[in-house]
Amino acid sequence: MKKQLYTLGMVAAVLSACSTSQTPTASTAGTGATPSAVAVGAVSADPTKYAQTITAADLERHLRVLASDSLEGRETGERGQKMAAEYIAKHFRANGLTGPVKTGANPYFQTFDLEKSSWGDGYVMVGSKKFSMGKDFFVLGASPFQNEEAAQLVFAGYGIDDPAYSDFANVDVKDKVVVVMAGEPKKADGKYLISGTDKMSTWSQDMRTKTAAATKKGAKAVMMVMGSTDAEFQQLTRRYASYLNRPSIGFGTTASQPRAAMLYVSPTMAANLLSTKPETLTNYSTSVTKAGKAVASPYKVASNVKIKTARNRQPLPTENVLGYIEGSDKKDELVVISAHYDHEGIKDGQVYNGANDDGSGTVAVMELAQAFAQAKKDGNGPRRSILFITVTGEEKGLLGSEYYTDHPIFPLENTVADLNIDMIGRHDSAHASNPDNFIYVIGSDKLSSELHAISEAANQKYVKLDLDYTFNDPNDPNRFYYRSDHYNFAKHRIPIAFYFNGVHEDYHQPTDDVEKMNFRAAEKVSRLVFYTAWELANRNDRIKVDSNKK
């Protein structure tokens, strides 16, 4: 079990700092420890009283509603998801939280349109050679090629535009299809050129980084070469084949910030696009490594390329659910507590209830909202404001959180942190001997060392869970840091902490049911999030953004 624990000295220092917002406890009395002076507006109440209102029984009560067959798996945009949204909003309203949305009929709903679509005819012609969608290439997201259209190609290396390395110098990609290599370059010593270490950057780990860079430069689409052989391409893209005959959901053409389409292409198709042979594609990587910088394209792109990737589309309205507690003297600053409440819906007649993924995180957010609301009713409300947000469309590509961060209700520059809860009521095989007393914490140190220390201190003082940092490794192949809603906040340099119980045998299966939940474990994790949020909301100083880890 890999961990990265702060020293006892660091934890002690943070615990001392916590006293600016909490009453000294018996453990500090008579020890010579002197709490910091309480600032004007600081909360002096003991948070334990409110943390104890978060109970396994209440978590189960809410989850038996949200993960019941009657909610039909909470598929994004469908009836069950909207029933869940109403249930969550009713809970926020009943506990005195404000609905912060100023437009629309329901102030608790941030409503927006997605697009439900399915693939039609799809091919790429390179001269007289025809390459087929689902065999030679796959399209991710919306397609700009509804009808057959001539495409102008340009090769742009790895498609990276970073201060340390850029493939876009003197390359005009506006309105063109950009062909790029997957991954990122290395130096001659084997270390990555961008980081200067053996750690990959987001240019390798998140393909959206490359589409965003190409979009910014005006590209119409990106073709990324996947694998060194067609067999490897098929292996890397196997999961996309199952999506071809299923409707998909995304922002589509209705998005206010459209981005370039991404096509994963086989080496054989790429070789034809670049007028070369598949076995020579790796030569480009070799030349970059030798030069230690981006090099000019050695390829002559094909001039007679036509593309058609037709999609049948229909609008799909959906909604994030938001509950707001206004702070006192620091009310313009905001702490976000998030989870996603959508799941997989009904497939082949079976309901995918998603009790753990992410019914568990959703009910935790509901209980946290109730606890903070009770504190405010008692005159111990938070100094900073708190936004409780359950987002839609996570299972479709983190869409709800992306929409919120692109259209924030409160300024992102005033957002202190996001604590994201996604799957906290089960255990993976690594923790079979300790299922009640662990949680994976991901990303807490990547943007703020203070957030990480606060989380550690809150856990040591109040909850004493085993905090596992295995998946915080930037080279972790699971890439969980990029796979839940916190990531859309982190992209904007907002510190995050992600609470996650790992993958189990019922993950994304119709057997992810309430009966298999460990509510005692979920209670402990929910209380840890509460104590961390309490400190973030009530401490004198906003946490610093002082890290830049990947």
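Residues numbered from 1 in each chain as written. Predicted model: local features only at pLDDT ≥ 70, side-chain atom pairs only at ≥ 80, totals over all residues. Heavy atoms only, no water.

Participant: Go over the overall build of the protein chain with me, naming the residues and quoting the values.
Facilitator: A tally of regular secondary structure across the protein chain gives 15 helices and 20 strands. In terms of overall dimensions, the protein chain has C-alpha extents of about 80 × 55 × 45 Å along its principal axes. Per-residue burial over the protein chain gives 55% buried out of 550 residues. Counting only contacts in the protein chain whose residues sit at least 6 apart along the sequence, the fraction spanning at least 24 positions is 82%. For the protein chain, the exposed surface amounts to about 22200 Å²; the carbon and sulfur share of it is 50%. A gap of 4 Å separates the mean positions of the 63 positive and 64 negative side-chain charges of the protein chain. (Helix = DSSP H or I, 4+ residues; strand = E, 2+ residues; numbered from the N terminus. Buried < 20%, exposed > 50% of the residue type's maximum accessible area, 1.4 Å probe, protein only. Contact = heavy atoms within 4.5 Å. Areas by Shrake-Rupley, 256 points an atom, 1.4 Å probe, with all protein chains shown as cover. Lys, Arg positive; Asp, Glu negative; His and termini not counted. Charge placed at Lys NZ, Arg CZ, Asp CG, Glu CD.)

Participant: Go over the packing of aromatic side chains, please, and point to the residues and values.
Facilitator: Throughout the structure, instances matching the rule amount to 27 aromatic pairs. Judged by centre distance (5.1 Å) and plane angle (80 degrees), the rings of Tyr481 and Tyr482 are edge-to-face. Note on accessibility: Tyr481 and Tyr482 belong to one class, buried. Of the aromatic side chains, those joined through ring pairs into one cluster are Tyr50, Phe372, Phe388, Tyr462, Phe530, Tyr531 and Trp534. Directly above the aromatic system of Tyr192 lies the positively charged group of Lys186, at a separation of 5.0 Å from the ring centroid. Sitting over the face of the ring of Tyr481, Lys446 holds its NZ or CZ atom 5.2 Å from the ring centroid. (Phe/Tyr/Trp six-rings, centres within 6.5 Å; stacked < 30°, edge-to-face > 60°. Lys NZ or Arg CZ within 6 Å of the ring centre and 35° of its normal.)

Participant: Can you lay out the confidence of the model for the protein chain for me, pointing to particular residues and giving the numbers?
Facilitator: Of the residues in the protein chain, 91% have a pLDDT of 70 or more, and the chain-wide mean is 90. This stretch, residues 1-41, has a pLDDT under 50; its non-local contacts, to residues over four places away or in other chains, come to 71 contacts. (pLDDT = per-residue confidence, 0-100.)

Participant: Before we move on, can you summarise the side chain of His504 with the specific residues and values?
Facilitator: Considering the arrangement of structural elements, one finds His504 in the loop between strand S20 (496-500) and helix H15 (519-538). A distance of 3.0 Å separates a polar atom in the side chain of His504 from a polar atom in the side chain of Asn356. The contacts of His504, once residues within four sequence positions are left out, are Asn356, Met423, Arg426, His427 and Asp512. (Polar contact = N/O pair within 3.5 Å; in protein donor to acceptor, adjacent residues only side chain to side chain.)

Participant: Before we move on, can you summarise the nonpolar core with the specific residues and values?
Facilitator: In this structure, Ile337, Phe388, Tyr499 and Phe530 are the most contacted members of the largest nonpolar core, which totals 67 residues. Each residue touching Ile337, except ones within four places of it in the same chain, is listed here: Val365, Leu368, Phe372, Ile386, Leu387, Phe388, Ile389, Asp418, Leu419, Ile421, Val529 and Ala533. (Core = buried A, V, L, I, M, F, W, Y, C linked by side-chain atoms within 4.5 Å.)

Participant: I'd like a rundown of unusual backbone geometry, residues and numbers included.
Facilitator: Following Asp357, the chain continues to Asp358 via a peptide bond in cis, the omega torsion being -10 degrees. Mapped onto the fold, Asp358 is located in helix H11 (residues 355-377). For Asn170, which is not glycine, the phi torsion reads 60 degrees and is therefore positive. By the element assignment, Asn170 lies in the loop between strand S7 (165-166) and strand S8 (177-181). Phi angles above zero are rare outside glycine, and Leu398 is one such case at about 60 degrees.

Participant: Give me the lowdown on the pattern of salt bridges, citing residues and values where you can.
Facilitator: Under the counting rule described, the total for this entry stands at 24 salt bridges. The residue Lys199 makes a salt bridge to Asp473 at a minimum N-O spacing of 3.9 Å. On the criterion of sequence distance, the pair formed by Lys199 in the loop between S8 and helix H5 (202-205) and Asp473 in the loop between strand S19 (466-468) and helix H14 (486-490) is long-range, its members being 274 residues apart. According to the relative accessible area criterion, Lys199 is partly exposed, its value standing at 31%. The salt bridge partner of Arg383 is Asp329, with a shortest N-O separation of 2.8 Å. Within this pair, whereas Arg383 is found in the loop between H11 and strand S16 (384-391), its partner Asp329 is found in the loop between strand S12 (305-325) and strand S13 (330-340), the two being separated by 54 residues in sequence. Residues joined in a network through salt bridges with shared partners are Arg426, Glu505, Asp506 and Lys516. (Salt bridge = Lys/Arg side-chain N within 4 Å of Asp/Glu carboxyl O.)

Participant: Describe the environment of Phe438, with residues and values.
Facilitator: Structurally, Phe438 is set in strand S18 (residues 438-442). Expressed as a C-alpha distance, the spacing of Phe438 and Asn538, which sit 100 residues apart in the sequence, is 26 Å. With sequence-adjacent residues up to four places away left out, Phe438 is seen in contact with Arg426, His427, Asp428, His431, Leu465, Asp466, Asn501 and Val525.

Participant: If you had to explain helix H6 (residues 207-216) to someone new, which residues and values would you point to?
Facilitator: Residues of H6 that are buried include every one of Arg208, Thr209, Lys210, Thr211, Ala213 and Ala214, and no others. Contacts from the buried residues of H6 go to strand S6 (161-162), S8, H5, strand S9 (221-225), strand S11 (261-265) and H14. Following H6 by one or two positions, Gly218 has its phi on the positive side, about 95 degrees.

Participant: Please give an account of the packing of helix H13 (residues 449-463) against H15 that cites residues and values.
Facilitator: At a minimum axis separation of 9 Å, H13 and H15 run at an interaxial angle of 125 degrees. On the basis of the axis angle, H13 is oblique to H15. When the axes of H13 and H15 are compared, the crossing they make is right-handed. On H15, the residues that touch Leu451, Ile454, Ser455, Ala458, Asn459, Tyr462 and Val463 of H13 are Lys524, Arg527, Leu528, Tyr531, Thr532, Glu535 and Leu536. Here the residues of the contact of H13 with H15 sort into 8 nonpolar, 3 polar and 3 charged. (Axes fitted to C-alpha atoms, helices over the stretch in contact; angles between N-to-C directions. Parallel < 35°, antiparallel > 145°, perpendicular 65-115°, else oblique. Left-handed = near helix turned anticlockwise from the far one by under 90°. Nonpolar A, V, L, I, M, F, W, Y, C, P; charged D, E, K, R; others polar.)

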